Amino acid sequence: MKGIRDHNPPKLFLHFFRWFCHPRLKKPIEGDLMELHEERVKQIGTRKADVKFIRDVLLLFRPSIIKPADGTYRLTNYGMFKNYFKVGIRNILKYKMFSFINVFGLAVAMSVCMLIILMLVDQKSYDQFHEKKDRIYRVIGRSEVNSTPYATTAQPVVESIISDYPVVENAVSLRRGVGGDATYEQKTVELAGYFTDNSFFQVFDFPLVAGDKNSALTSPNTLVISKRKAELLFKDKNPIGQQVQFEDRKLSIMGFDGDAPPVDWGLYTVAGVVDLNEIKSHLKFDVLMSSSTLSTLYKDGLITDISQRWNAIYSTYAYLLLDEDADRTALNAALTDLSNRKYADNEKLVNYSYESQALTSITPGMILNNETTFQLPEIVYYILSLLAFVIMLMACLNYTNLSIARSLSRMKEIGVRKVNGASRKNLILQFLIESIVTVLIAMVMAVILLYFTKEAFMGLWTNQYLNFDLTSSPIVYLIFFAFALVVGVIAGTYPALFLSKHQPVKALRNNSGGSSGKWGIQKVLNVSQFSVSLIFIVTSMVIYNQFRHYTEFEYGFDTSNIINIPLQSNDHEKLLTAFSSVPGVSKISACQYIPATGTTDVISLTDANNEEESISLLHLRANDQFLSNLDLRILYGQDLPSTGNLKNSMVINESAATKLGYENVQDAIGKIWESKEYEVSKQIIGVVEDFRATLLVDGDKIRPMALSNEPTSFNFLNVKISEGNPLSTISQLEEAWKTVDPTHDFKYDFFDNELANTSLAIFDIVSIIGYLSFLAILIACLGLLGMATYTTERRTKEVGIRKVLGAEEMKLVLILSRGFLKLLLISVLIAAPLSYLVNNLWLDNLPNRVEFGVGTVLLGSLLLLVLGLITIGSQTIRASRRNPVESLKYE
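Residues numbered from 1 in each chain as written. Predicted model: local features only at pLDDT ≥ 70, side-chain atom pairs only at ≥ 80, totals over all residues. Heavy atoms only, no water.

In this section: the overall build of the chain. In terms of regular secondary structure, the chain is built from 28 helices and 22 strands. Counted over contacts in the chain with a minimum sequence separation of 6, partners at least 24 positions apart contribute 81%. Surface exposure of the chain reaches about 42,900 Å², of which carbon and sulfur atoms provide 56%. (Helix = DSSP H or I, 4+ residues; strand = E, 2+ residues; numbered from the N terminus. Contact = heavy atoms within 4.5 Å. Areas by Shrake-Rupley, 256 points an atom, 1.4 Å probe, with all protein chains shown as cover.)

Laid out in structure tokens, this is it:
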């Protein structure tokens, strides 16, 4: 002992060892350390012995040695968990078929759920860059006559709320109406945005990369432009201080073309550049013009003054910055009081009210009129999440089903564990860890599948308007990991409880026991899976039939070889003349909007004998060639005039003649109706055959319609080209366009394509539901494959005996398949009527619906049965063809 005292090890590390080591292990381990250190001192010297002592102490700092924080002794916990993981991985490798089915089924379901997670993360990232986002609210309006709220307000709202209610610290107003061409040194760029002032940069935190946010929007005729548009307009020059000529064309921030010729608004100075490339905001704009410019535009009659008009609720967005000491309840109370004061006695807006909407809940959010951008309604995310949950639930049921089915082969394992002292808690933990390991492996595969699923989703037609950015990040992967753990616990809980409940004596005695036909829970799970699959299959077939019905719909006019060309505020006569000289052009017409593509206009007509009652009709301005270009027949009277007093004549369709009160359609000819809105009298000079001018989802009936020739309202040319070489004709049309308008790009679309595009959103739904149906049936078939594999393996000896006794292969196949066929038939009996009722519910509310009968349900049921038979047959036929000698040697 004296030698030991003469050569003590490093005190710091000795104290560290005594601190972390468990009391029950400290004495024997410390004795060994000290004895080993003394021997090393004699052999290699004190310094090297001390270094090795330090190394030994650090190596001993591990979970199995460290004392627990609460003082209790759980030395074997780490070893147990390590053992659980080892056994779990061994079982996964041992039962390869079951493991593959579980992993793959969970992976495909998780990939869909991960896509939904990415979508929600993307949408929740909007407007997060604002420092005061939790205090910013948008004012929205509600009307008794319209169930959908408005994102817009009256322009005086901001001024009134700031002056009368201390609950608000600051506020900003954004008025729509900026949309046109900005020209700088013969370079023209389209800009669309809002009128606002410097409070915009005090409330919001949009990154102003050039200019002073305190003064950029103070002076009249100043503007802040987006960085992307500034690069197009000024290239490498510094935009600040540059002047641009602005011509208003009434372009919309949502991307729609205007319906007015260009109007010169004068020169504007660039006072700021805002970078919108790296942020996500529900506010989309190219330009912000100073509100102080409005007074000049009002004075020159270039824009309507609504600064004090409380009835003008469609043109302004109001955002409020709540005071730090106030809450949302006080804000809503202030808005309610404001609404009561301004609208209580308002005849046009009876009981119109304002309320607040949190900035961070705008995207995703509720459906609103006059929204600032396209977005998926919040209800869509709930529906998609529900469908993903159903698919995920089916995969979890698969895991549960196969785990229980495999339980008989693990009875001895369970019995041995219990005899050796394992508690039910230990067994539950073992099986849960196996489930979590399986799900984590599935998560890796799901991330790979997600790449392809994401690419397919990004390719959907609707995404060009939704602008999803489904990029992954460390936070997203952390969410994926947490999601996988939750799925693992959910999927493994029931099997763990089921497997761990067996008594050790029964478990050891009954390795193969149990009747092969009494699965109870397995049958219920299989029937549930295939019932859901059939509902998915039938629904996807119905939606596809509805899409095909829409794409093949007869609108009543001929669109073949017609190209629609937006005028972009050019004189239609100049373009018509230029296009007429192009070889291959057979006819040209002009119109205000393209029928049946979503845009409409209305006119109210009053009978001279009954001025109190007015009748509303759809109104389409078109020239004298429009009806003949679309091959629409004039039934009575004459076509639209080409000369004379054009506004005083109109052609109506058959439905309009009936609505105007004429039993005999021809009696409408020559009658005069007044339009107080346009202060003009219109004489009916012709009746055209009915044709559909609205979207198919807008109603079953053809709407009453009036057409008149008013050239100042034309926005499109309809060019019919000859068959042969359309690309050459289009190329020549583009050359002709440049002779009239070298500034704007030539734009066109085939009429057929525009009509087809109105149904592409339905095709996206077909794609999504079809994909989910594929996953549902795939997961169900994987589960059935696993059960069939397990059943045939358990009945191998029975099959061998039957073959020796002379049983034929087909009889064996039938015996092995009989139980599964019953399950498939039960699934069809449950799901067939249910799918019929569910699909009729939504079809009954859809205009121009497709016919849906029993045939579709029968076809879906047949498809399900065929897939089920193929799945079962792949195992039962193989088992029936097995050599009986090998079968009898089995087990």
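Right, picking up where we left off after that structure.
A word on the packing of aromatic side chains. Any pair of aromatic rings gets described here by the distance separating the centres and the angle formed by the planes. For the coordinates displayed, the defined rule picks out 31 aromatic pairs. With a centroid separation of 5.6 Å and 15 degrees between ring planes, the pair formed by Phe100 and Phe104 is classed as stacked. On the criterion of helical spacing, the pair formed by Phe100 and Phe104 is a turn pair, its members being 4 residues apart in helix α6 (residues 96–124). On the basis of relative accessible area, Phe104 is assigned to the partly exposed category, the value being 21%. Among the aromatic residues, ring-to-ring pairing joins Phe129, Phe200, Phe201, Phe204, Phe206, Phe285 and Tyr319 into one connected group. (Phe/Tyr/Trp six-rings, centres within 6.5 Å; stacked < 30°, edge-to-face > 60°. Buried < 20%, exposed > 50% of the residue type's maximum accessible area, 1.4 Å probe, protein only.)

We now examine the packing of α6 against helix α16 (residues 474–500). The description of two helices packed together rests on the angle between their axes and the distance between the axes. Taken N-terminus to C-terminus, the directions of α6 and α16 make an angle of 135 degrees; their axes are 11 Å apart at the nearest point. Taken together, the axes of α6 and α16 are oblique relative to one another. The chirality of how α6 crosses α16 is right-handed. Taking contact as the criterion, the partners of Leu106, Met110, Cys113, Met114, Ile117, Leu118 and Val121 in α6 are, on α16, Val476, Ile479, Phe480, Phe483, Ala484 and Val487. (Axes fitted to C-alpha atoms, helices over the stretch in contact; angles between N-to-C directions. Parallel < 35°, antiparallel > 145°, perpendicular 65-115°, else oblique. Left-handed = near helix turned anticlockwise from the far one by under 90°.)

The next subject is the pattern of salt bridges. The final tally for this structure, using the stated rule, is 19 salt bridges. Across the pair Arg55 and Asp56 runs a salt bridge whose closest N-O atoms are separated by 3.3 Å. The salt bridge partner of Arg142 is Glu355, with a shortest N-O separation of 2.8 Å. Of this pair, Arg142 sits in strand β1 (residues 136–143) while Glu355 sits in strand β11 (residues 353–358), placing them 213 residues apart in sequence. The partly exposed category is assigned to Arg142, whose relative accessible area is 30%. (Salt bridge = Lys/Arg side-chain N within 4 Å of Asp/Glu carboxyl O.)

Attention shifts here to helix α14 (residues 424–458). Three- or four-residue spacings in an α-helix give side chains the same orientation, since the helix completes a turn every 3.6 residues. Relative to the 51 Å expected for 35 residues at 1.5 Å per residue, α14 spans 48 Å between its end C-alpha atoms, a close match to the ideal helical length. Maximal helix bending in α14 amounts to about 30 degrees, located at Leu449. (Expected span 1.5 Å × (residues − 1). Bend = angle between axes of the 7 residues up to and from the residue.)

Most of strand β6 (residues 222–226) sits inside the fold, with 5 of its 5 residues counted as buried. Neither face of β6 is exposed, since Thr222, Val224 and Ser226 on one face and Leu223 and Ile225 on the opposite face are all buried. Bridge count between β6 and strand β8 (residues 263–274): 5 bridges; the pairing is parallel. Within the sheet, the bridge partner assigned to Thr222 lies in β8 and is Thr269. (Pairing = 2+ DSSP bridges.)

Let us look at the state of the cysteines. As enumerated under the stated definition, the model contains 0 disulfides in all. Lacking any disulfide linkage, Cys396 is separated from the closest cysteine sulfur, that of Cys113, by 8.6 Å. Cys396 sits in the buried class, given a relative accessible area of 8%. (Disulfide = S-S within 2.5 Å.)

Moving on, we get to a positive patch on the surface. A cluster of basic side chains, namely Lys523, Lys811, Arg818 and Lys822, defines a positive patch on the protein surface. It is helix α26 (residues 809–843) that provides the largest number of residues to the positive patch, a total of 3 residues. Following the sequence through the fold, Lys822 ends up in helix α26. (Patch = residues over 30% accessible without salt bridge, like charges linked within 9 Å, V, L, I, M, F, W, Y side chains within 5 Å. Lys, Arg positive; Asp, Glu negative; His and termini not counted. Charge placed at Lys NZ, Arg CZ, Asp CG, Glu CD.)

It is worth spelling out the environment of Thr493 at this point. Take Thr493: it is sitting in helix α16. Since its relative accessible area comes to 32%, Thr493 is described here as partly exposed. For Thr493 and Ser435, which are 58 residues apart along the polypeptide, the C-alpha to C-alpha distance reads 8.6 Å. A distance of 2.4 Å separates the side chain of Thr493 from the backbone oxygen of Val489, its partner in a polar contact. (Polar contact = N/O pair within 3.5 Å; in protein donor to acceptor, adjacent residues only side chain to side chain.)

By themselves, these figures tell us nothing about what the structure is for.
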